[in-house]
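If you want the building blocks of each chain, they are given just below.
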Number of protein chains: 2
Amino acid sequence: MSRFSTAFVVWQNAAMRDEVDDLVEAWGRERGDLDLDPVEVFSRISRLSRHLDLARRDAFTAHGIESWEFDVLAALRRAGEPYELSPGRLLRETLVTSGTMTNRVDRLTDRGLVQRLPDPHDRRGVLVRLTVEGKAAVDGAFEALLAAEADLLADLPDEDRARLAGLLRQLLAPFS
Amino acid sequence: MSRFSTAFVVWQNAAMRDEVDDLVEAWGRERGDLDLDPVEVFSRISRLSRHLDLARRDAFTAHGIESWEFDVLAALRRAGEPYELSPGRLLRETLVTSGTMTNRVDRLTDRGLVQRLPDPHDRRGVLVRLTVEGKAAVDGAFEALLAAEADLLADLPDEDRARLAGLLRQLLAPFS
DNA sequence: ATTGATTGTCTTGATGTCGAGACACTTCCA
DNA sequence: TGGAAGTGTCTCGACATCAAGACAATCAAT
């Protein structure tokens, strides 16, 4: 199958139709003077992102946590032992503002998933540490997320996945 | 060039590195037991979507409108003459709730970009119609958006764009 | 040592969105 | 023709987020 995946893709593309095809068709009727190629890529990325958010939400609620909770817990989990980060580092990782992060850490503390500790090296600072319960929650949720995402990729041959990841990397790299 | 574009991609992938490579590396250190392939695709889609939102915001503010305004105006514009849709149709197009749409139409009416009309065929209903000013605003903003998005695609050869769009369609089609 | 600038965190007020419910009109069927 | 179910829109209360500013501790330079 992998040797023929490109032909397979071409065949599928011809047969398959998605919401964005309708969108492009409508714009083409109204603004035939414009090159709509960018819409073919970016509108699909936006819509996939929205669907993905919903899939994430579903996967996480089965594990009793919400998406924003996962974002924070996952950043701490990725940091490795002892699973500690400053609020400032957390808000840079998760791209939210400081007020939002204060609120999030408050609620995660109430739920017993993280705890706040004074930073021994900087008396202005605080460290947020994952609790044992928090680590278990994020590990379970991450496994559920990977399973849900793997389902979404099920129809895509390995070779196409790698190609897709590579093309997306080319788009994303300039931002990093 | 087109004949060698696949090899070109492979070479670029080897040379280029993005934020998600770091993310996957960190997860791999902590959870080497998991298959992180889905992250390579979906995390890039999420992050690109976020960057794209910012690029959209920039392109639109240059034209004096906001992203949520564009979403509503563009749905009306795509509908074609006479640029009218019901609030219910608008909220299905833009995936927001009815309360949100009421609020948005209120503000767009205040700005003179749309007007509310009674639906002649259904006395329960209302039609939202693009004004002349609204049509000019959305056309200008759309052109700016396409230009900004074309910039983001500038480094990607035509063949790769088409391949990327096709792969994304395969992921998106099951949702549609 | 003292001053000034910087960094890190939290507080406050405003805003946009969602979800649930209310209300009006329409459609269907007896 | 009458009543019930359905549809379309709007209102209201709760909530998470953001932006700006306040406050405390640290660092750098004289």
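What you see is a predicted model; the values in this text were computed from it and never measured.

1. A word on the relation of the copies chain B and chain A
Note on the identical chains: chain B maps onto chain A by a rotation of 180° and an axial translation of 0.0 Å, with an RMSD of 0.0 Å. The relationship between the two copies is best expressed as a two-fold rotation axis. Here 98% of the contact residues of chain B are again contact residues in chain A; the copies associate through an equivalent surface.

2. Focus: the packing of helix α2 (residues 19-30) of chain A against helix α4 (residues 67-79) of chain B
Where α2(A) meets α4(B), the axes come as close as 8 Å, and the angle between the chain directions of the two elements is 65°. If you check the angle between α2(A) and α4(B), you find them roughly perpendicular. Considering only the axes of α2(A) and α4(B), their crossing is left-handed. Across from L23(A), A26(A), W27(A) and E30(A) in α2(A), the residues of α4(B) making contact are A74(B), R77(B), R78(B) and A79(B).

3. Notes on the pairing of strand β3 (residues 126-130) of chain B
A regular strand places its side chains so that they alternate between the two faces of the sheet. All names here are of chain B. Of the pairings in the sheet, the one linking strand β1 (residues 84-85) to β3 comprises two bridges and is antiparallel in character. By the bridge assignment for β3, E84 is matched with R129. Note that strand β2 (residues 114-118) and β3 share five bridges and pair antiparallel. Bridge pairing links L117 to L127 in β3.

4. Digging into unusual backbone geometry
All names here are of chain A. Put simply, E81 and P82 share a cis peptide bond, and its omega is 0°. With respect to the helices and strands, P82 occurs in the loop between α4 (67-78) and β1 (84-85). Located in the positive-phi region is L95, a residue other than glycine, with phi close to 60°. With respect to the element layout, L95 can be found in the loop between α5 (87-94) and α6 (98-110). L95 sits in the exposed class, given a relative accessible area of 54%.

5. So, the environment of L164(B)
Here L164(B) is to be found in helix α8 (residues 158-172). Ignoring any residue separated from it by four or fewer positions in sequence, one finds L164(B) in contact with V41(A), L164(A), L167(A), L168(A), L171(A) and L156(B).

6. With respect to the sheet that holds β2(B)
What the three strands build is an open sheet, ordered β1-β3-β2 (chain B); its pairing is antiparallel. The open sheet terminates on both sides in strands that have one partner only, identified here as β1 and β2 of chain B.

7. A short note on the environment of W68(A)
All names here are of chain A. If you trace the backbone, W68 turns up in helix α4. On the basis of relative accessible area, W68 is assigned to the buried category, the value being 15%. C-alpha of W68 to C-alpha of R104: the two residues are 36 residues apart in sequence and 7.9 Å apart in space. Excluding residues within four positions of it along the chain, W68 makes contact with R104, R107 and L108.

8. Comments concerning the protein's contact with DNA strand D
Taken together, 19 residues surround DNA strand D, and among them T100(A), R104(A), G88(B), S98(B) and R124(B) come closest. Sugar plus phosphate: this is where 68% of the atoms of DNA strand D within 4 Å of the protein reside. Within the contact set of DNA strand D, a phosphate oxygen lies 3.0 Å away from a backbone nitrogen or oxygen of R123(A). Within the side chain of R124(B), an N or O atom sits 2.8 Å from a base oxygen of DNA strand D. Among the elements that line the surface near DNA strand D, the one with the most residues is α6(A), at four residues. Considered class by class, the residues forming the surface near DNA strand D number four nonpolar, eight polar and seven charged.

9. Focus on the layout of surface pockets
Put simply, the second largest pocket is a space of about 410 Å³. For the second largest pocket, the lining is made up of 16 residues, of which R78(A), R89(A), E93(A), L23(B) and R47(B) are closest to its centre. Elements represented by at least two residues in the lining of the second largest pocket include exactly α4 and α5 of chain A together with α2 (19-30) and α3 (37-61) of chain B. Examining the composition of the lining of the second largest pocket, we find that five residues originate from one element, α2(B), more than from any other. Among the residues forming the lining of the second largest pocket, the class breakdown is six nonpolar, one polar and nine charged.

10. Quick notes on the sheet that holds β1(A)
Residues and elements named next belong to chain A. Read across the sheet, three strands follow the order β1-β3-β2 without closing on themselves; strand pairing throughout is antiparallel. The strands lining the two open edges of the sheet, one partner per strand, are β1 and β2 (114-118). Strand contacts of α4: β1, β2 and β3 (126-130), with the helix running at about 90° to β3, the strand carrying the most contacts.

11. Section: the side chain of E149(A)
Among the secondary structure elements, E149(A) is positioned in helix α7 (residues 132-152). In this structure E149(A) is buried but unpaired, with R56(A) as the nearest side chain of opposite charge at 5.8 Å. Once residues lying within four places of it in the same chain are set aside, the contact partners of E149(A) are L52(A), P38(B), V39(B) and F42(B).

12. Thoughts on the pattern of salt bridges
For the structure shown, the criterion picks out 48 salt bridges over all chains. Linking E40(A) and R44(A) is a salt bridge whose minimum nitrogen-to-oxygen distance equals 2.8 Å. Remark: R44(A) and E40(A) occur in helix α3 (residues 37-61); sequence separation between them is four residues, near one turn of the helix. Owing to a relative accessible area of 0%, R44(A) belongs among the buried residues under this scheme. Of the charged contacts in the structure, one is a salt bridge between R77(A) and E30(B), with a shortest N-O distance of 2.9 Å. Taken together, the positions of R77(A) in helix α4 and E30(B) in helix α2 put the pair across two chains. On the accessibility criterion, R77(A) (4% relative accessible area) is buried. Through salt bridges that share partners, E30(A), R31(A), D33(A), R77(B), D139(B) and E143(B) make up one connected network.

Conventions we followed
Residues numbered from 1 in each chain as written. Chains lettered and ligands numbered in written order. Predicted model: local features only at pLDDT ≥ 70, side-chain atom pairs only at ≥ 80, totals over all residues. Heavy atoms only, no water. Least-squares fit on C-alpha atoms with pLDDT ≥ 70 in both. Contact = heavy atoms within 4.5 Å. Axes fitted to C-alpha atoms, helices over the stretch in contact; angles between N-to-C directions. Helix = DSSP H or I, 4+ residues; strand = E, 2+ residues; numbered from the N terminus. Parallel < 35°, antiparallel > 145°, perpendicular 65-115°, else oblique. Left-handed = near helix turned anticlockwise from the far one by under 90°. Pairing = 2+ DSSP bridges. Buried < 20%, exposed > 50% of the residue type's maximum accessible area, 1.4 Å probe, protein only. Near = heavy atom within 4 Å. Polar contact = N/O pair within 3.5 Å; in protein donor to acceptor, adjacent residues only side chain to side chain. Nonpolar A, V, L, I, M, F, W, Y, C, P; charged D, E, K, R; others polar. 1 Å grid on protein atoms, 1.4 Å probe; cavity = no way out; pocket = protein on both sides within 12 Å on 5 of 7 lines; lining within 4 Å. Points joined across faces, edges and corners; volume = space filled by probe spheres on them. Lys, Arg positive; Asp, Glu negative; His and termini not counted. Salt bridge = Lys/Arg side-chain N within 4 Å of Asp/Glu carboxyl O.

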